[in-house]
Amino acid sequence: MGDIYVPLHVHTHHSILDGFASGHENADRAKAIGAPAVAMTDHGSCSGHWEHTLACRRNAIKPIYGIETYLVDSVKESKGRRDKPSDFAHACMWALTDEGLSNLWAASSIATDPDHMYYKPRMDFELLEKYHEGCAISDGCLLSTVAKAIVDDDLDRARAHLGRLVSIFGQENVLVELHTWQFINPLTDEHIELNRQMTKANKGKLKLAKELGLRAIAVNDSHYSVKDDYAYHEISWAGNKGR
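The following refers to the structure shown. (Residues numbered from 1 in each chain as written. Predicted model: local features only at pLDDT ≥ 70, side-chain atom pairs only at ≥ 80, totals over all residues. Heavy atoms only, no water.)

## What about helix H7 (residues 155-169)?
A rise of 1.5 Å per residue sets the reference length of H7, with its 15 residues, at 21 Å; its end C-alpha atoms lie 21 Å apart and thus fit the reference within 8%. Here H7 has its buried residues at Ala158, His161, Leu162, Leu165, Ile168 and Phe169. Buried residues of H7, seen end-on, are gathered within an arc of 120 degrees and therefore sit on one face of the element. Turned more than 90 degrees away from the buried face of H7, the exposed residues are Asp156, Ala160 and Ser167. (Helix = DSSP H or I, 4+ residues; strand = E, 2+ residues; numbered from the N terminus. Expected span 1.5 Å × (residues − 1). Buried < 20%, exposed > 50% of the residue type's maximum accessible area, 1.4 Å probe, protein only. Arc of directions from axis to C-beta.)

Encoded structure:
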């Protein structure tokens, strides 16, 4: 058997003004490339999970239920500081068991209550400690605590954050995300800088993963299902940024 690719960091239109594809389009694409399973990890929401179930069932592939959560150390302290959304870290969580799925739904629902919602639905370490059973978590994308720390040459901070996740989820359930969607032909200074930061983050993450005995996963952080939808996603993203 050859190498098997399973998309683990995948957005849909349930990531408002960010993901462009539907759950059905992602499942169709996963089936077309021979993936036996596909995840759904929308921003701050599990609202697409039923659509994900139907789409994967229709394609006879396994649905993986997840979320890309907005993570802060403490929701109370974050609100007291009047943090902005740009201060919230990103992290992906996936359900591994039925209990994990129940915990994922519970945590994502609580993240929207008045005590946790502040610009975005937020989770913190107190919430993770209560609802971590049956779930796995990643360090996240370039907007994660770990990646930001690595880019800022603060490996101690990145190491401490991973250690905190390990203390809650266990070593076997903490994953390090390597993002592989750098621009092959960067056209702007923004593209060049993003490539530089992503490469630096990936190298630092691999170093920490080896040091801490964590597994690394290569992800595409998919926001649309086929190449031809790139322009449509750019329009959606421009609306998100108010351009």
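## Examining unusual backbone geometry
The phi dihedral of tyrosine 119 is positive, around 70 degrees, even though this residue is not glycine. Take tyrosine 119: it is sitting in the loop between helix H4 (98-110) and strand S4 (122-124). Residue tyrosine 119 is classed as exposed on the basis of its relative accessible area of 57%. Its identity as a non-glycine residue notwithstanding, aspartate 221 has a phi of 50 degrees, on the positive side. With respect to the helices and strands, aspartate 221 occurs in the loop between strand S7 (215-219) and helix H9 (230-241).

## Description of the environment of aspartate 139
Mapped onto the secondary structure, aspartate 139 falls in the loop between strand S5 (135-138) and helix H6 (145-151). For aspartate 139, a relative accessible area of 1% gives the class buried. Along the sequence, aspartate 139 and histidine 49 sit 90 residues apart, while their C-alpha atoms lie 22 Å from each other. When residues no more than four places from it in sequence are discounted, the contact partners of aspartate 139 are His90, Ser144, Val146, Leu162, Leu175, Val176, Glu177 and Lys205. A distance of 2.8 Å separates polar atoms of two side chains, one belonging to aspartate 139 and the other to lysine 205. (Contact = heavy atoms within 4.5 Å. Polar contact = N/O pair within 3.5 Å; in protein donor to acceptor, adjacent residues only side chain to side chain.)

## With respect to the packing of aromatic side chains
Throughout the structure, instances matching the rule amount to one aromatic pair. With a centroid separation of 5.0 Å and 80 degrees between ring planes, the pair formed by tyrosine 118 and tyrosine 119 is classed as edge-to-face. Residue tyrosine 118 is classed as buried on the basis of its relative accessible area, which comes to 16%. (Phe/Tyr/Trp six-rings, centres within 6.5 Å; stacked < 30°, edge-to-face > 60°.)

## Side note on the environment of proline 121
One can find proline 121 in the loop between H4 and S4. When its relative accessible area of 12% is taken as the criterion, proline 121 is described as buried. Through-space distance from the C-alpha of proline 121 to that of glycine 44 is 5.8 Å; in sequence the pair is 77 residues apart. With near-sequence residues (within four places) excluded, proline 121 lies in contact with Gly44, Tyr70, Ala111 and Thr112.

## Quick notes on the pattern of salt bridges
Applying the stated criterion across every chain, the model contains seven salt bridges. Between arginine 159 and aspartate 156 there is a salt bridge; the shortest N-O distance is 2.8 Å. Of this pair, arginine 159 and aspartate 156 both sit in helix H7, three residues apart, which is roughly one turn of the helix. Note on arginine 159: relative accessible area 25%, which makes it partly exposed. Arginine 196 is paired through a salt bridge with glutamate 193; the nearest N and O atoms lie 2.8 Å apart. Taken as a pair, arginine 196 and glutamate 193 lie in helix H8 (residues 189-212) at a separation of three residues, close to a single helical turn. A network of salt bridges, in which partner residues are shared, links Asp156, Arg159 and Glu211. (Salt bridge = Lys/Arg side-chain N within 4 Å of Asp/Glu carboxyl O.)

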